[in-house]
Amino acid sequence: MTRIIQLSDPHIVPEGTLCYGVVDTGKALQQAVATINRNLPLWGKVDMVIVTGDITDFGTAEEYARFRSIMADLALPVRVVPGNHDLRENMRTAFQDQDWMPESGGINWSAEFSDFGLICLDTLVEGHHHGELQPDALAFLSDTLKNLGSKPVVVGMHHPPFNTGIIPMDINNLRDSAELSKIIESHPAEVRLVCGHVHRSVTRSFGKAIGLIAPGTSHTVTIDQRVENPHTLSLEPGAFMMHEWRDDGIVSHIIAGNYSDERHPFTTPV
Ligand SMILES: [Fe+2]
Ligand SMILES: [Fe+2]
């Protein structure tokens, strides 16, 4: 059975510093990695861990090195796509030893597993917070879907192509998503669209696809639906997602990044 884990928005900063002066994002990622390692015997084989953007807060070599050092504790293949807080060439350099990392252009890549395909796309527009899919990303998606035939697919990217009601994020989501929608509609099997950027769990349909925004591994964007909102972060618990093939469809779970290993039977003590 195919099973992948999706982490998103770790926003790694240099060791000894706090993101925005308040969030220990490195510790949160370490906790998520430890949670995964502790629970792998309960979950079964995981084929890959993907990280859907904002790997770092400023895109520096030091931050990417720290990210890789933390993730090295996972004995699983790890792949990434950039978010608006990343820098494409620094990310490429940081992962240049990985065979999935393209040597130039957008950081788009794919993998095929027994039950579904995985296509991850680069939406980064450097110098801006919104996302766009460049023609090379759209062509890569279209060609890879054709090669997958009638196989279900998970499409991953940083920027969601739909609104959440959190206006400061909605104005910086994926622009010009009509072509994305058209390509997804043409695929003759299930499509699960998995994004990040908003740091909190959101689900909605995107044409024929179920669209998900994964929670961040550390802080969240405050859920504030007022038109005039001050755009703040909240220290809600970090979490991640696991997407797995079950019966005849893709099942997506949200899992807290750090929780007690205590387990208790569902019985009332007498
Ligand atoms: Fe982020
Ligand atoms: Fe982002």
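Quick caveat, the model's predicted, so the values are computed rather than measured. (Residues numbered from 1 in each chain as written. Chains lettered and ligands numbered in written order. Predicted model: local features only at pLDDT ≥ 70, side-chain atom pairs only at ≥ 80, totals over all residues. Heavy atoms only, no water.)

**So, helix α2 (residues 61-71)**
Okay, so step 1: Among all positions of α2, only Glu-63, Tyr-64, Arg-66, Phe-67, Ile-70 and Met-71 are buried. Taken around the axis of α2, the buried residues stretch over an arc of 160°, which confines them to a single face. In this structure, α2 carries Ala-61 and Glu-62 as exposed residues pointing more than 90 degrees from its buried face. (Buried < 20%, exposed > 50% of the residue type's maximum accessible area, 1.4 Å probe, protein only. Helix = DSSP H or I, 4+ residues; strand = E, 2+ residues; numbered from the N terminus. Arc of directions from axis to C-beta.)

**Observations concerning helix α6 (residues 178-185)**
Okay, so step 1: Looking at α6, one finds that the buried residues are Leu-180, Ile-183 and Ile-184. Viewed along the axis of α6, the buried residues span an arc of 100°, placing them on a single side of the element. Residues of α6 that are exposed and point more than 90 degrees away from the buried face comprise Ala-178 and Lys-182.
Okay, so step 2: In this structure, the buried residues of α6 make contact with α4 (135-148), β6 (153-157), β7 (191-195), β8 (202-206) and β9 (209-213). (Contact = heavy atoms within 4.5 Å.)

**Some words on the pairing of strand β5 (residues 117-121)**
Okay, so step 1: Among the five residues of β5, five are classified as buried, and the element is accordingly described as predominantly covered.
Okay, so step 2: Where strand β4 (residues 109-112) and β5 come together, four bridges link them in antiparallel fashion. Looking across to β5, one finds that Trp-109 is bridged to Cys-120.
Okay, so step 3: Taking the residues that link successive antiparallel strands as the turn, the β4-β5 hairpin has four residues.
Okay, so step 4: Summarising the sheet, β5 and β6 pair through five bridges and their orientation is parallel. By the bridge assignment for β6, Cys-120 is matched with Gly-156.
Okay, so step 5: On the question of chirality, the crossover connecting β5 to the parallel β6 by way of α4 is right-handed. (Pairing = 2+ DSSP bridges. Right-handed = clockwise from strand over helix to strand, strands pointing away.)

**Quick word on the sheet that holds strand β1 (residues 3-7)**
Okay, so step 1: The five strands lie next to each other as β3-β2-β1-β12-β13, forming an open sheet whose pairing is mixed. Sheet topology places β3 (78-81) and β13 (249-256) at the edges, where each strand pairs with a single neighbour. When the angles between neighbouring strand axes are averaged without regard to direction, this sheet yields 25°.
Okay, so step 2: The sheet contact formed by β1 and strand β12 (residues 239-246) spans four bridges and is antiparallel. Looking across to β12, one finds that Gln-6 is bridged to Met-241.
Okay, so step 3: In the packing of α2 onto the sheet, contacts are made with β1, β2 (48-52) and β3, and the angle to β2 comes to roughly 150°. (Axes fitted to C-alpha atoms, helices over the stretch in contact; angles between N-to-C directions.)

**Side note on the nonpolar core**
Okay, so step 1: Counting 45 residues, the largest nonpolar core has Ile-5, Leu-7, Phe-67, Met-71, Trp-109 and Leu-118 as its most contacted members.
Okay, so step 2: Tallying contributions element by element places helix α1 (residues 25-43) first for this core, with five residues.
Okay, so step 3: Residue contacts for Phe-67: discarding those within four places in its chain leaves Pro-10, Ile-12, Leu-29, Val-51, Ile-55, Val-80 and Phe-95.
Okay, so step 4: Of all hydrophobic cores here, the second largest spans 27 residues; its members include Leu-121, Leu-148, Val-191 and Ala-209. (Core = buried A, V, L, I, M, F, W, Y, C linked by side-chain atoms within 4.5 Å.)

**Let's talk about the sheet that holds β9**
Okay, so step 1: Read from one edge of the open sheet, six strands run β4-β5-β6-β7-β9-β8, paired in mixed fashion. On the outer flanks of this sheet lie β4 and β8, each paired with one strand and no other. The average angle at which neighbouring strand axes cross in this sheet is 20°, direction not considered.
Okay, so step 2: Here β8 pairs with β9 via five bridges, running antiparallel. Pairing of Arg-204 across the sheet is with Gly-211, part of β9.
Okay, so step 3: Across the sheet, α4 touches β4, β5 and β6, and the angle it forms with β5 is around 175°.
Okay, so step 4: Across the sheet, α6 lies against β6, β7, β8 and β9, angled at about 70° from β8, the strand it touches most.

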